[in-house]
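A structural walkthrough
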Amino acid sequence: MGRSFANLHIRSNNLENTVEALRKLSERHGEILGKSNNEATEIKVVMYVSKNNENWISVLHDYFVWGTVKEIGKTLSSLIEEPVMTVGYMNEEIFELSFFENGNLQAERIFCEQWTRDEYEQLKEERLNDDYLRKALDIRIEDFEDLISITRPEQAVDKLSEIVRMSLWSDSEWITHEETLRERFRTYEF
């Protein structure tokens, strides 16, 4: 078993709108964040938010894992006008990148070796749309072609981190152990 993480990112420079959308997500859709419908409303949802640069706001939460982060990103995208990018990295074998707008999957890429695709029989992109991805990431064609040609998940995360000018290597579980993450992310309770 290797390293795993999941996070989501909103292509926005408006932190206040993002925080308000996260509040709505927590209040209206708490079940996708791991909160049971039977739990009292006084139980708070804790999220970690960072305005990384002029283009991206990152969000971490304990319930973000490969397999859940996409549904959360999809739902959040219906509450906010900006594109939502989800990142799932599992066992150093799979790096899944998905983009959502208005509650719909717009584009997706899975970076992995062929043997991984063969092993996980159902592992395939739900919606390949490279034009959308390139536009959403706001990158040159040459850089995009370099990115999508990568099959090693770790290299793809590094390349995408370089392209969007923020580290994608982050997870809510790492906050207590890594000072750089504690300094970068602010805690919000909803």
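Residues numbered from 1 in each chain as written. Predicted model: local features only at pLDDT ≥ 70, side-chain atom pairs only at ≥ 80, totals over all residues. Heavy atoms only, no water.

**Some details on the pattern of salt bridges**
Enumeration according to the criterion identifies 11 salt bridges in this entry. In this structure, Glu-96 and Lys-70 form a salt bridge, with 3.8 Å as the shortest nitrogen-oxygen distance. Of this pair, Glu-96 sits in strand β5 (residues 94-101) while Lys-70 sits in helix α2 (residues 69-77), placing them 26 residues apart in sequence. Both residues of the pair, Glu-96 and Lys-70, belong to the buried class. A cluster of three or more residues bridged by salt bridges with shared partners is formed by Lys-70, Glu-96, Glu-108 and Glu-126. (Salt bridge = Lys/Arg side-chain N within 4 Å of Asp/Glu carboxyl O. Helix = DSSP H or I, 4+ residues; strand = E, 2+ residues; numbered from the N terminus. Buried < 20%, exposed > 50% of the residue type's maximum accessible area, 1.4 Å probe, protein only.)

**Points about the packing of aromatic side chains**
The tally for this structure, following the rule as stated, stands at 8 aromatic pairs. Their ring planes at 20° and their centres at 4.9 Å tell us that Phe-5 and Tyr-89 sit as a pair that is stacked. Linking Phe-5 in strand β1 (residues 5-11) with Tyr-89 in strand β4 (residues 84-90), this pair joins segments that are 84 residues apart in sequence. One aromatic cluster is present, built from ring pairs that chain together Phe-5, Tyr-89, Trp-169 and Trp-174. (Phe/Tyr/Trp six-rings, centres within 6.5 Å; stacked < 30°, edge-to-face > 60°.)

**Things to note about the nonpolar core**
Ranked by internal contacts, the top residues of the largest apolar core, which has 32 residues, are Met-85, Phe-95, Leu-97, Phe-99, Leu-137, Leu-160 and Leu-168. Those elements giving two or more residues to this core turn out to be β3 (56-60), β4, β5, β6 (104-111), α4 (130-137), α5 (141-148) and α6 (153-164). Element by element, the count of residues in this core is highest for α6, at 5 residues. Ranked by size, the runner-up nonpolar core spans 23 residues in total, among them Ala-21, Ile-57, Val-59 and Ile-80. (Core = buried A, V, L, I, M, F, W, Y, C linked by side-chain atoms within 4.5 Å.)

**Observations regarding the sheet that holds β6**
Within the open sheet, the 7 strands sit side by side as β6-β5-β4-β1-β3-β2-β7. Their pairing is antiparallel. Looking at which strands have only one partner, the edges of the open sheet turn out to be β6 and β7 (186-189). Sheet twist, expressed as the mean angle between neighbouring strand axes with direction ignored, is 25°. Bridge count for β1 against β4 is 6 bridges, and the pairing is antiparallel. Across the sheet, residue Ile-10 finds its bridge partner in β4, namely Val-84. Running over the sheet, helix α1 (residues 15-28) touches β1, β2 (46-51), β3 and β7 and is turned about 160° from β2. The sheet strands contacting α6 are β1, β3, β4, β5 and β6, and the helix crosses β5 at an angle near 40°. (Pairing = 2+ DSSP bridges. Axes fitted to C-alpha atoms, helices over the stretch in contact; angles between N-to-C directions. Contact = heavy atoms within 4.5 Å.)

**A short note on the packing of α5 against α6**
Interhelical geometry of α5 versus α6 gives an angle of 160° and a closest axis separation of 9 Å. With respect to each other, α5 and α6 are oriented roughly antiparallel. In this structure, the crossing between α5 and α6 has a hand that is left-handed. Two secondary-structure elements touch here, α5 through Asp-143, Asp-146 and Leu-147 and α6 through Ala-156, Lys-159, Leu-160 and Ile-163. Its residues placed into classes, the contact of α5 with α6 shows 4 nonpolar, no polar and 3 charged. (Parallel < 35°, antiparallel > 145°, perpendicular 65-115°, else oblique. Left-handed = near helix turned anticlockwise from the far one by under 90°. Nonpolar A, V, L, I, M, F, W, Y, C, P; charged D, E, K, R; others polar.)

**Considerations on the environment of Met-166**
By secondary structure assignment, the location of Met-166 is in the loop between α6 and α7 (179-184). Along the backbone, Met-166 and Val-69 are 97 residues apart, and their C-alpha atoms lie at a distance of 19 Å. The contacts of Met-166, once residues within four sequence positions are left out, are His-9, Asn-52, Asn-53, Trp-56, Ser-58, Met-85 and Ser-161.

**Comments concerning unusual backbone geometry**
Residue Asn-102 is not a glycine yet carries a positive backbone phi of 50°. Locating Asn-102 in the fold gives a position in the loop between β5 and β6.

Worth remembering: the numbers are spatial, not functional.
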